[in-house]
Amino acid sequence: MKLSPILRLLVLVLALFGCAAGVLAHEQTQTHIARLDRMIAADPLDAGLHMQRGEMHRMLGRWDAARRDYERSLALDPGLTAVHLCEGRLWMDENLPERAIAPLDLYIAGHPAD
């Protein structure tokens, strides 16, 4: 399914607003990362944990750490398409909306009813 440029822009804007609404306080985010580090140490093959930690890094502006966690998550579970939404948010946070289109298109393709 090919989306019109206007609909794609709307999806990008909604992703950006969704991101802003879910931001945790810096200290809480740091605590959550530490907890995820322990959980990943106990279960390093859990792709969802890597994705969650990537989201925490993204919220703190740690783009490279977030990207590494997203890549690891997809390597562990290529079917975890929610990672593409996270990647799109990351590119939006980095003020590179043109780079956000491809991962968001992948997410939309995997979730046409969303």
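Up top is the structure these notes are about.
Residues numbered from 1 in each chain as written. Predicted model: local features only at pLDDT ≥ 70, side-chain atom pairs only at ≥ 80, totals over all residues. Heavy atoms only, no water.

## Overview of the overall build of the chain
Part 1: Within the chain one finds six helices and zero strands.
Part 2: Listing the helices and strands of the chain from first to last along the sequence gives α-α-α-α-α-α.
Part 3: By the burial criterion, 38% of the 114 residues in the chain qualify as buried.
Part 4: Counted over contacts in the chain with a minimum sequence separation of 6, partners at least 24 positions apart contribute 52%.
Part 5: Looking at the chain as shown, the accessible area adds up to about 6600 Å², and 61% of this sits on carbon and sulfur atoms. (Helix = DSSP H or I, 4+ residues; strand = E, 2+ residues; numbered from the N terminus. Buried < 20%, exposed > 50% of the residue type's maximum accessible area, 1.4 Å probe, protein only. Contact = heavy atoms within 4.5 Å. Areas by Shrake-Rupley, 256 points an atom, 1.4 Å probe, with all protein chains shown as cover.)

## Overview of the side chain of Glu 55
Part 1: Tracing the backbone through its elements, the reader meets Glu 55 in helix H3 (residues 47–59).
Part 2: A polar contact of 3.4 Å, which involves the side chain of Glu 55, links it to the side chain of Arg 89.
Part 3: If we skip the residues at most four places from it in the chain, Glu 55 touches Tyr 70, Cys 86 and Arg 89. (Polar contact = N/O pair within 3.5 Å; in protein donor to acceptor, adjacent residues only side chain to side chain.)

## Quick notes on the packing of helix H4 (residues 63–76) against helix H5 (residues 82–93)
Part 1: Two elements in contact, H4 and H5, have axes whose closest approach is 10 Å; the angle formed by their N-to-C orientations is 165°. Taken together, the axes of H4 and H5 are roughly antiparallel relative to one another. The interaxial crossing formed by H4 with H5 has left-handed handedness. Between H4, through Trp 63, Ala 66, Arg 67, Tyr 70, Ser 73 and Leu 74, and H5, the contact on the second element is made entirely by Val 83, His 84, Cys 86, Glu 87, Leu 90, Trp 91 and Asp 93.
Part 2: Tallied by class, residues from the contact of H4 with H5 come to eight nonpolar, two polar and three charged. (Axes fitted to C-alpha atoms, helices over the stretch in contact; angles between N-to-C directions. Parallel < 35°, antiparallel > 145°, perpendicular 65-115°, else oblique. Left-handed = near helix turned anticlockwise from the far one by under 90°. Nonpolar A, V, L, I, M, F, W, Y, C, P; charged D, E, K, R; others polar.)

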